[in-house]
Structures are given as C-alpha cells and as structure tokens.
Amino acid sequence: MTTQATQAAAAPTKSRKKASQEPATAAAAAAPVEQQASPQWVHFDGFACFGIERMRGAKILGLSEPSVFTPAKDPTYKWPIDNLRDLLHFYMAGGNAFCAMGHPGTGKTMGVQQFHASLNLPLLSMSANPRTQAYHLIGRLVPNKDGGVSWVDGPVLMAARLGMSVLIDEYNVIDPGEMTGLNLLLEGRPYLVPETGELVVPRHGFRVYATCNPKDDKGLVQGRHTQDNANDERFEFSWFGYLPQEIEVQLITEMIAPYQPSLPANVLAEKFVAVANQVRKLYAGVTDDSGALDKTISTRVLRRWVSKAMSASTQGSLVESPMHYGLERAWSLSCSDEVRVAVHELVTQTFGGGDYKSSKDNLHTMQPAGA
Ligand SMILES: Nc1ncnc2c1ncn2[C@@H]1O[C@H](COP(=O)(O)OP(=O)(O)OP(=O)(O)O)[C@@H](O)[C@H]1O
Ligand SMILES: [Mg+2]
C-alpha cells in the first residue's frame with residue numbers, strides 16, 4: 001500500500017530534480033489534479049523558506065506539501081545561520097550522516113526538525129537511551145498471528161527503505177558497541193538483514209541525523225559515551241552554540257510584546273538575554289575556571305523563564321518579584337544554593353527592584369494575600 005508518507009519519502013529522481021514551483025514532469029502536469037502524485041518535488045526560494053535575506057534567489061529542492069511525518073513548522077523559530085548553512089550543505093551534497101553537537105537546550109533537535117519542516121520533508125524521530133540496542137534502530141523479528149515470526153523494520157532501516165530522514169536524538173548515550181551495527185547504513189550502503197537474508201538498498205533521500213551533548217570530564221551531562229572512531233568517521237558535524245545576542249533578543253522581544261510591559265519589550269528582552277549570556281560565560285562547559293557554574297541558562301530555559309516571569313507580571317498573579325519568581329520556577333530551584341543565590345543577585349542588579357527572597361527560605365508556604 002502506498003501511504004502519504006511513502007509518497008512524500010519517495011526519492012528525488014532525475015526528472016524530479018528539474019522541478020521548480022511546477023509539477024516535476026509534463027505528464028504529471030497534464031494529469032487531472034486527483035491523479036497527480038502529491039506532494040511533488042519543487043524548488044523553493046531560500047528566503048521564502050528560511051527568512052534569510054542573503055538566501056533570496058537560492059533554489060532549494062523540497063516537497064510541495066508536508067506529509068504526516070513532516071515536523072510542524074514553529075513560527076517562533078529563529079535560524080542560527082551557521083547551523084542552517086551546515087544543514088543545507090549536508091542536504092544539498094546528498095550527505096548520509098549528520099551530527100548536531102552542543103550543550104543542552106541549544107536547539108539541536110529543533111534545528112533538524114525545523115529544517116525538515118521548512119522544506120516539507122518527512123523525518124522519523126526516535127529518542128535513544130542507555131538501553132537502546134542495535135535492533136531498536138534497525139529492526140527485529142516479532143511473533144505474528146500465524147504462530148511464526150515476521151520482520152519489523154526499526155526507524156533507521158525504515159527510513160533507508162523509504163528514502164527519508166531519520167533523527168536519533170541523544171545518540172551518544174547509546175553503547176558504542178551497539179552503534180557499530182549501523183556503520184554500513186551511515187554510509188548509505190546496502191544492508192543485509194541477517195535474520196531474513198533480505199538486502200535493503202537505501203533509497204536516494206535516506207539520511208541519518210544524530211544529536212549529541214558533548215562528553216565532558218566534569219560530569220555536567222551524565223552517561224555520554226565516546227563512540228568508536230569508525231562510527232564517528234561516518235558523520236559530519238555541526239556545533240550548535242547559543243543564538244547570537246541580537247537574534248535571541250528578537251526572539252524574546254516577540255515573546256514579551258503580547259504582555260504589553262511597562263518597559264519597551266526589546267529593552268526588557270535585552271536584560272533577560274544579558275543575564276543568560278553572563279551565566280553562559282561562567283558555565284563550566286565553556287570555561288575551565290574552578291569557580292565555574294555547573295548549570296547554564298540555555299535557550300530552552302531562557303524561554304521558560306521569560307514566559308513564567310511575564311505571566312507572573314500580570315495583574316492578580318500573586319507574585320511580588322516576577323523576574324525572581326520566574327527564574328526559580330524555570331530553572332534555579334534545580335541549582336545548588338550557591339549558584340542560585342549568585343544568579344538571582346545578577347537578576348536584581350540587571351532588572352532592579354527588591355532583593356531576592358527565595359521560596360526555599362520559607363519554612364511554610366506563603367499566607368494567601370490579604371489574609
Ligand atoms: N533557534 C531557536 N529559536 C527559537 N527557539 C529555540 C531555538 N533553539 C532552541 N529553542 C528553544 O529551546 C528549546 C530546546 O531546543 P532543543 O530541544 O532543540 O534543544 P537541544 O539542543 O536538542 O537540547 P538537548 O541537548 O537537551 O536535547 C526549544 O523547544 C525552543 O523552545
Ligand atoms: Mg535534543
């Protein structure tokens with residue numbers, strides 16, 4: 001049975017490559033609408049796709065419509081240019097394996113997803129854990145209703161069969177020994193399924209994406225393995241850092257604006273981003289300073305802080321110091337007391353207002369206001 005997903009995943013054949021905003025072939029164009037294969041390969045304009053002025057006029061092959069496996073487009077997403085460049089070159093050169101590396105919450109998973117969303121490409125996703133084994137990725141025999149066994153593809157083999165992308169999140173928590181089984185597929189080479197004798201030849205369009213937090217010797221992220229060199233060699237890499245300041249300020253300004261704060265939204269946004277960047281500089285993941293912080297404010301945490309602080313700023317929220325309140329709930333209650341107090345001091349210096357009073361210092365929960 002041909003599903004929407006398999007159509008979407010179909011390889012861009014030579015005739016498809018010629019496609020622009022029109023259907024790929026004259027025959028397809030002449031066919032009644034209901035007979036036309038959908039979606040079709042089309043050329044998108046780089047600016048229309050990614051909103052980057054410098055990409056205006058660039059032609060990028062994508063699908064005319066999303067499929068059920070295409071990630072949803074997030075209108076708040078801001079492209080980190082370096083990573084977009086890396087993702088694009090990998091895609092256009094027909095690369096096989098791409099690894100997005102970076103500290104937690106810097107947008108690795110979202111970057112891969114939004115790239116596929118922008119071009120309407122299907123993406124199978126799976127999240128790895130320390131117990132993930134090769135068969136979870138490639139497939140296995142399972143009992144069938146006739147009392148025998150049938151082969152069921154794992155996401156990587158399924159993507160190879162269909163000619164589509166697969167994302168393995170948290171790739172380096174997997175035991176390196178399990179990953180060597182993937183080496184052939186990571187090069188886009190045919191894979192012989194030992195259990196069935198079937199030779200699966202990856203279709204054009206098959207790509208493996210992995211995301212990894214860097215392994216460090218300070219124990220900041222736990223349980224990351226060094227994959228073996230042979231496995232590493234099959235990937236190309238992109239480092240996901242934090243967004244450039246002006247882009248992050250724009251992101252946060254857009255989040256703040258609907259709350260109509262008393263200060264201009266961009267002024268407030270600059271303060272949030274200034275605190276985050278200060279903390280990032282002191283994070284042990286980027287500095288060898290012995291007094292470095294063991295936690296950082298990622299884009300994920302920053303967004304959560306802003307949304308908590310802004311909703312706490314609204315009338316009737318029962319919150320005295322929205323910035324402190326927001327940061328505690330979004331992040332700092334999970335930090336050591338030393339780090340928490342130091343970062344809240346920075347918040348007081350940046351935003352002004354009263355001193356920081358932590359909810360941790362209250363033996364009892366607060367009295368209801370006015371009681
Ligand atoms: N470029 C961006 N534009 C807008 N929001 C972003 C961006 N990058 C990250 N975010 C925000 O940060 C959150 C975390 O992003 P994501 O899950 O991609 O991080 P990650 O690097 O994969 O983290 P982890 O290492 O923990 O898996 C997103 O849900 C989003 O809210
Ligand atoms: Mg991730």
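Residues numbered from 1 in each chain as written. Chains lettered and ligands numbered in written order. Predicted model: local features only at pLDDT ≥ 70, side-chain atom pairs only at ≥ 80, totals over all residues. Heavy atoms only, no water.

Looking at an unreviewed UniProt entry, one finds the protein chain named ATPase dynein-related AAA domain-containing protein, with Paraburkholderia aromaticivorans as its source organism.

Caption draft 1: A look at the sheet that holds strand β4 (residues 123-127). Spatial strand order, β4-β7-β10-β3-β11: 5 strands in an open sheet with parallel pairing. Pairing within the sheet leaves two strands with one partner each, and these edge strands are β4 and β11 (236-239). In this sheet, neighbouring strand axes are inclined to one another by 20° on average, regardless of whether the strands run parallel or antiparallel. Along the sheet, helix α8 (residues 155-162) contacts β4, β7 (165-169) and β10 (207-212); its crossing angle with β7, the most-contacted strand, is approximately 160°. (Pairing = 2+ DSSP bridges. Helix = DSSP H or I, 4+ residues; strand = E, 2+ residues; numbered from the N terminus. Axes fitted to C-alpha atoms, helices over the stretch in contact; angles between N-to-C directions. Contact = heavy atoms within 4.5 Å.)

Caption draft 2: Spatial organisation of the environment of G177. Along the polypeptide, G177 turns up in helix α9 (residues 176-179). A relative accessible area of 51% means that G177 is categorised as exposed. Sequence separation of G177 and A134 is 43 residues, and the distance between their C-alpha atoms is 8.8 Å. (Buried < 20%, exposed > 50% of the residue type's maximum accessible area, 1.4 Å probe, protein only.)

Caption draft 3: Seen up close, the pairing of β7. Taken across its 5 residues, β7 has 5 buried, putting it largely inside the fold. Residues S165, L167 and D169 of β7 are buried on one face, and the alternating residues V166 and I168, pointing to the opposite face, are buried as well. By the bridge criterion, 5 bridges tie β4 to β7 in an arrangement that is parallel. Bridge assignment links L124 to a residue of β7, and that residue is V166.

Caption draft 4: Region of interest: the nonpolar core. If you look at the biggest cluster of nonpolar residues, it comprises 33 residues, and the most contacted ones within it are I252, I256, F272, L302, W305 and W331. Of all elements in the fold, only α12 (245-256), α13 (265-282), α14 (299-312), α15 (322-330) and α16 (337-351) reach the threshold of two or more residues within this core. For this core, the element with the most residues is α13, which contributes 8 residues. Look past the residues within four positions of I252 in its chain and what remains in contact with it is A269, F272, V273, L302 and V306. Ranked by size, the runner-up nonpolar core spans 31 residues in total, among them C99, L124, M126 and A210. (Core = buried A, V, L, I, M, F, W, Y, C linked by side-chain atoms within 4.5 Å.)

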